[in-house]
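Structural overview
These are the residues of each chain, in order.
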Amino acid sequence: MEIRASYEAGRMLGNGEVIGKLQMSWDELLDHVDKPFDLSFPPVRDVHPSLTLKAAVVHACDDEDSALSDSPIYSEITRETDAGHARLAEYVTSEAVSHLNDAVQHFQLVLEQCPVGHPDHAAALTNLAYAHLEGYIQNHLQDIDTATSLFREALALRPQGHPDHASSLYNLIRALNWRYSKESTAVYIHESAQLCCKLLPLCPEGTCLRSIGGDSAVSYVISSLPIDAYDGGIHLRRNMVGVCPVGQQHRPKVLNNLAWALSIRFTQCGNIDDIDESIHLRREAVSLCPEGHSDRSGYLNSLALSLVSRFNHQGKPNDLDEAIYLYEEALRLRSVGHEYRDHSLDSLGGALIARFNKYGDIDDITRAISLYREALTLHPPGHPGRDTTLNNLALALLTRHDKLDVSEDLNEAIDRYRESLRLRRHDHPERHINLYSLGSALCSRFMHTRENEDIEEAIDLCRESLEALPSLHPDRHYSYFRLREAYMSRYRIQHDPADLSLAVENFRLASQHPTQGFPERILEAIDWARQTEVYQHESALEAYQMCFELFNSHVMTRSSITSRREAATAFYGAQSLPVDAASCAIRSGNLRQAVELVEQGRGQQWSLASRLRTPLEDLESASPQLAQRLSELSKRLSHAQGSAGSADPAAADRAATEYRKLTEQWEAAVAEIRNLRAFSRFLLPPLYADLQAAARHGPVIILIASQYSCSAIIVPTSGDPHHVPLPSVSLTELNNLKDHFARAIRHASIMGPKVPRNDLIVLLRTVWDAIMLPIVNVLENVLELKHRSRIWLCPTAAFTSIPLHAAHPFQTKADGSKEPCLEDLYICSYTPTLSALIRSRQMMKRRVTPSFVTIGQGQPGAGKGKALLAVDSELELVQKFVPATATRTTVSGDEATRAGALQALEENPWVHLACHGKQDPTQPYNSHFVMKDEHLTLLDIMDRDIPHAEFAFLSACHTAVGDEETPDEVIHLAAGLQFSGFKSVIGTLWEVNDAVAKHVVEAFYKYMFMDLKDGAGIVMDCTRAAWALNRATHAVKTKVPLEQRMVFIHIGV
């Protein structure tokens, strides 16, 4: 008995293919009634068929001949079809071409007897196409066009819903796959992939079609689909991800394929969305391949590659750290002998070079070279990956040479670069890297040997690399950078001004290249500024301006406050840019631009944060809809930015992506606002005319401490700024002065209250003579500023750590009277930036019924500092002076918790805070006030928006001193309170002795509220705070030692 099967799920043409014969009589078969038995057969079309047979008597017949007479009559079509199947089966077994030709003839006759419109036309097309395909596979027929054409025609006759639609899709996929395997023409595999997207939803895993070859066909498509970055290809890969849900075996591969395409598009276009999505997809792929999965190492390596790409573009150190961890894990899984060990060696080496460039650990570059040498042994001559490994090894050697100046490294690097370049075709997508890399190495050798051939070749190679790249390719930045490097090198040796001009032009192009990430562009702009200072080039101010614009854009991309500071501190030498830019503008005679530049470059953390709290009253009058939109986006951005990144990398990525999308919407709204009349400079860096508003109630003195010059700029109430040279001090001397003050303050803290502070007196006399006296001379003689007027000090860099307000001549006049000190002449306040002072003044309109809270924590608990025994008495003292017209409350003891203090700050416009204060020198946003339970941090304070707040007295240590690393960001507790809404703040520069500080506190409030009597109509006025502090420090001279009088400063209005 023959057993036949057909691939048609619907109408069957012929009796099907013989898949086996059963040597069993009918009687023996009927003996198995109701007893199933399994049968298996030789492979058919590479599939091993099997079935479970169960026999049953459906109709008893006494006449066997009569039963046979009822069997189907073989028609001509059936006979020819069965004959075709028989010959094709013989061909598969024997590979005799005559059997194939016979099968084709039989199927062709069937097709002719089943013309268009015949119900078996599609089946006839499929049979003939299948025979042609089998011959093509065995290289006995070359006419693949006929097979694919017939399969397409059959598919068209079996639309979606037809029982044989899925099998027709599979047949055409199989034909296209075979054609691609022999011809490697992308159009065939792309069409096959599109068909797979239609097939997979029709055939869940485990269905017949998947098991007989559908899975292998789909796997082939996924593995063979070329990694390209055009939009259509990416769309196709998205579709394949969509039809491979979680749990589907192909999902990790299709995720990785889409990630590859996005990564390539990122390298070509620089769109950060692409690399973010690539990382997201690869994280999922890794999660689907747990420990022990055969493909895990590949997905780990791929994820790390995307993380390194994002690190190179955005400079986030967490990305690099995670990438190295993943590369190490992948290399561990690819032990010696693994077929892909070379990939891991190359990849890890590149990440180690990146870390070496960031941190300078020589072990990293040494290991990178070792890894590349091992990889090179796995890529002997003739290996397709040898050119890449040669280039990587050369880069590592050149990097080590630049650090250690080992000539052997340089010469080997040049040899390796040359060999790599020889191996690479002219159309290789990364040949431009070889060109500019070899150029860089030759440039380095030129600086040692002065051989003109090297520098000429270097310039030619860099130019060639530019010609190989389209205008917006991100790597054009590196070509500009290397070409600039070559021109600068030649200029240093030959001193041709044309080379300097060409170098500056390439500085400009590299810094401005829009598709390269901000970190690389910032480094180039910084170097541009530095070189223009060295060679006195006229583009210096343009370079500084470029630095600030790039910094601003870069920091704005960070989704947390702490990561913004991390971004700001990541560039060596960048901290001095604001003062160096101002110094440059001063030396150029442009004082207005000096004020603008120092303001733009300083306090960027506050500037960025304050953008989201910009008053919109004027905008509401011009465009209520835009004002509402910007207000909502600002609130959403403020909520999204958070204070710190998530510990979970995937969650951090999601948060960063959400933040970036919101930022793009916010920036689009701002751009729309700038199109409105009178709003063209909305949220742009302020001009001098805008900044002068800070001096409305008295001049602002900006003290600039640059490596190029130290000076002051006085911004008057009206008119141009005034320059005050400070020729007696240099930046080095200022840093020494700062250190001397720190030592003198520490020494004074252990001295008795009556012991003269001689060290401090000498230092304060220096501050007076070298710094403040020249400024006072201009205030008195040029501006004719009346004594006891208010002035604001805006120190930069090293000046921020010097108590300028306490400058004192400590001299006696001829008549026996004492020479006045700065605070005898003027009422001094500080401001972090001019914009901060302007913003506080703008918010002064929002006056509310006064309420005053005293917050104190003298018993912070174990491990949080010593007990402050005078806190409670200080709070009682303050409450005595608060006018009866104000609501008065106290939060102390167990109630002085983090939450309790925050609530009190939000509910009361006037605050006195007495407790331990801690400045965190490494992460200033963690600076805090010590409460009963948790710390009240600067981040907590910044997170609050309290527009009705007015005055805060911070009777705690270190509340008005920034960190060493970024002094011009002015990140401290007092500035945080000012940012959150407090217009007038008393802070401290160093440790406060609470036993004697109460004398200053008592005198301060006595003067602050001296004109306010019970029932009087005079309101509490926070603008009196500077005057009250000035009078208080004079009043307690006999009770409080010098360093404890100097410790208090006023910030704000």
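Residues numbered from 1 in each chain as written. Predicted model: local features only at pLDDT ≥ 70, side-chain atom pairs only at ≥ 80, totals over all residues. Heavy atoms only, no water.

On to the overall build of the protein chain, then. The secondary structure content of the protein chain amounts to 43 helices and 18 strands. Sequence separation of 24 or more characterises 69% of the internal contacts of the protein chain that already satisfy a separation of 6 or more. (Helix = DSSP H or I, 4+ residues; strand = E, 2+ residues; numbered from the N terminus. Contact = heavy atoms within 4.5 Å.)

Quick look at the packing of aromatic side chains now. The geometry of an aromatic ring pair is captured by the separation of the ring centres together with the interplanar angle, meaning the angle of the planes. All told, the structure shown has 17 aromatic pairs when counted by the stated rule. Consider the rings of Phe852 and Tyr1005, whose centres lie 5.9 Å apart with planes at 70°: the pair is edge-to-face. Pair noted here: Phe852 is in strand β10 (residues 851–856) and Tyr1005 is in helix α41 (residues 994–1008), with a separation of 153 residues, a long-range link. Taking 5.7 Å as the distance between ring centres and 15° as the angle between the ring planes, the aromatic pair formed by Phe951 and Phe1004 counts as stacked. Here the residue Phe951 occupies a position in strand β16 (residues 951–955), and Phe1004 occupies one in helix α41, the gap between them amounting to 53 residues. Taken as a pair, Phe951 and Phe1004 share a single burial class, namely buried. Of the aromatic side chains, those joined through ring pairs into one cluster are Phe852, Trp910, Phe951, Phe953, Phe1004, Tyr1005, Phe1009 and Phe1048. (Phe/Tyr/Trp six-rings, centres within 6.5 Å; stacked < 30°, edge-to-face > 60°. Buried < 20%, exposed > 50% of the residue type's maximum accessible area, 1.4 Å probe, protein only.)

Another aspect to go through is the pattern of salt bridges. Evaluation of the coordinates by the stated rule reveals 49 salt bridges. Note that Arg158 and Asp164 form a salt bridge whose closest N and O atoms lie 4.0 Å from each other. In this structure Arg158 comes out as buried when scored by relative accessible area, which is 3%. Residue classification places Asp164 among the buried positions, given a relative accessible area of 1%. A salt bridge links Asp940 to Arg898; its shortest N-O distance comes to 2.8 Å. Here Asp940 is found in helix α39 (residues 938–942), whereas its partner Arg898 is found in helix α38 (residues 898–907), with 42 residues between them in sequence. Using a relative accessible area of 11% as the deciding quantity, one classes Asp940 as buried. Several salt bridges converge on common partners, so that one network encompasses Asp273, Asp276, Arg310, Asp319, Arg660 and Lys661. (Salt bridge = Lys/Arg side-chain N within 4 Å of Asp/Glu carboxyl O.)

Spatially, 3 strands are ordered β13-β14-β15 in an open sheet, and the strand pairing comes out antiparallel. Every interior strand has two partners, whereas the edge strands, β13 (917–918) and β15 (936–937), have only one. In this sheet, strand β14 (residues 928–929) lies alongside β13 in antiparallel orientation, the contact comprising 2 bridges. Bridged to Gly917 within β14 is Phe929. (Pairing = 2+ DSSP bridges.)

Turning to the nonpolar core, a few remarks are in order. Counting residues in hydrophobic clusters, the biggest one holds 286 residues, and the most contacted among them are Ile771, Met772, Leu804, Phe929 and Phe1004. Considering every element that reaches this core, the biggest residue donor is helix α34 (residues 758–781), with 12 residues. The contacts of Leu804, once residues within four sequence positions are left out, are Leu703, Val767, Ile771, Met772, Leu793, Pro795, Phe799, Leu822 and Tyr830. Residues Leu619, Leu633, Ala640 and Phe682 belong to the second largest nonpolar core, which totals 18 residues. (Core = buried A, V, L, I, M, F, W, Y, C linked by side-chain atoms within 4.5 Å.)

Let us now look at the pairing of strand β6 (residues 710–715). With 6 of its 6 residues buried, β6 lies for the most part within the structure. Side chains Cys710, Ala712 and Ile714 of β6 all project onto a buried face; the interleaved residues Ser711, Ile713 and Val715 project onto the opposite face, where all are buried too. Looking at chain direction, strand β5 (residues 700–705) and β6 are connected through 6 bridges and run antiparallel. Within the sheet, the bridge partner assigned to Ala705 lies in β6 and is Cys710. The loop that links β5 with its antiparallel partner β6 comprises 4 residues. Both β6 and strand β7 (residues 722–725) contribute to a ladder of 4 bridges, which runs antiparallel. Each bridged residue has a counterpart across the sheet, and for Ile714 the counterpart in β7 is His722. As consecutive antiparallel partners, β6 and β7 are separated by 6 residues, and within that stretch Gly719 has a phi angle of approximately 90°, a positive value.

Before going further, it helps to examine the side chain of Glu134. Along the chain, Glu134 turns up in helix α5 (residues 121–137). Beyond its immediate sequence surroundings of up to four residues, Glu134 is in contact with Leu88, Tyr91, Val92 and Arg174.

Residues of the protein chain with pLDDT of at least 70 account for 88%, and the chain-wide mean is 87. This model gives residues 63–74 a pLDDT under 50, and the stretch forms 5 contacts once residues within four places in sequence are excluded. (pLDDT = per-residue confidence, 0-100.)

So, on to the packing of helix α19 (residues 431–449) against helix α20 (residues 452–467). What describes two packed helices is the angle between their axes and the distance between those same axes. Between α19 and α20, whose axes approach to 8 Å, the crossing angle comes to 160°. The pairing of α19 with α20 is recorded here as roughly antiparallel in orientation. The crossing of α19 and α20 is left-handed. Counting all contacts with α19, which are made through Arg431, His432, Leu435, Tyr436, Leu438, Gly439, Leu442, Cys443, Arg445, Phe446 and Thr449, the residues of α20 involved are Asn452, Asp454, Ile455, Glu457, Ala458, Leu461, Cys462, Glu464 and Ser465. Here the contact of α19 with α20 is built from residues that sort into 10 nonpolar, 5 polar and 5 charged. (Axes fitted to C-alpha atoms, helices over the stretch in contact; angles between N-to-C directions. Parallel < 35°, antiparallel > 145°, perpendicular 65-115°, else oblique. Left-handed = near helix turned anticlockwise from the far one by under 90°. Nonpolar A, V, L, I, M, F, W, Y, C, P; charged D, E, K, R; others polar.)

A separate point is α34. Along its length, α34 shows its largest kink, about 55°, at Met772, and proline Pro774 lies within four residues downstream of that point. Of all the positions in α34, only Leu760, Leu763, Leu764, Val767, Trp768, Ala770, Ile771, Met772, Ile775, Val776, Val778 and Leu779 are classed as buried. (Bend = angle between axes of the 7 residues up to and from the residue.)

Another aspect to go through is the environment of Pro578. Summarising the element assignment, Pro578 is placed in helix α26 (residues 577–587). Owing to a relative accessible area of 4%, Pro578 belongs among the buried residues under this scheme. For the pair Pro578 and Gly601, spaced 23 residues apart in sequence, the C-alpha to C-alpha distance is 4.6 Å. For Pro578, the residues in contact, after removing those within four places along its chain, are Phe548, Val598, Gly601 and Arg602.

Tracing the backbone through its elements, the reader meets Asn506 in helix α22 (residues 497–512). At 2.9 Å, the side chain of Asn506 forms a polar contact with the backbone oxygen of Leu502. Setting aside its immediate chain neighbours within four residues, Asn506 contacts Tyr480, Leu483, Arg484 and Tyr487. (Polar contact = N/O pair within 3.5 Å; in protein donor to acceptor, adjacent residues only side chain to side chain.)

Now for the packing of helix α15 (residues 341–359) against helix α17 (residues 386–404). At a closest axis distance of 11 Å, the pairing of α15 and α17 adopts a crossing angle of 20°. By the angle between their directions, the pair α15 and α17 is classed as roughly parallel. Remark: the crossing between α15 and α17 carries left-handed chirality. Judged by residue contacts, Asp346, Ile353, Phe356 and Asn357 of α15 engage Thr389, Asn392, Leu395, Ala396, Thr399 and Lys403 from α17.

Time to look at unusual backbone geometry. In this model, Gln536 sits at a positive phi of 55°, which is unusual for a non-glycine residue. Along the chain, Gln536 turns up in the loop between α23 (518–535) and α24 (540–556). Using a relative accessible area of 61% as the deciding quantity, one classes Gln536 as exposed. Non-glycine residue Glu784 carries a positive phi angle of around 55°. Looking at where Glu784 falls in the secondary structure, it is placed in the loop between α34 and β8 (790–795).

Between its first and last C-alpha atoms α17 spans 27 Å; for 19 residues at 1.5 Å apiece the expected length is 27 Å, and the two agree. Most of α17 is tucked away, with 14 of its 19 residues classed as buried. Directly after α17, the chain includes Asp405, whose backbone phi takes a positive value near 60°. (Expected span 1.5 Å × (residues − 1).)

Moving on, we get to the environment of Phe507. Residue position: Phe507 is located in helix α22. C-alpha of Phe507 to C-alpha of Glu485: the two residues are 22 residues apart in sequence and 9.0 Å apart in space. Not counting the four nearest positions on each side in its chain, Phe507 is found in contact with Arg484, Met488, Glu524, Asp527, Trp528 and Gln531.

A few words on the environment of Tyr325. Examined against the element boundaries, Tyr325 turns out to sit in helix α14 (residues 317–333). Judged by relative accessible area, Tyr325 falls into the exposed class, the value being 56%. Between the C-alpha atom of Tyr325 and that of Ala304, which follows or precedes it by 21 residues, the distance is 8.3 Å.

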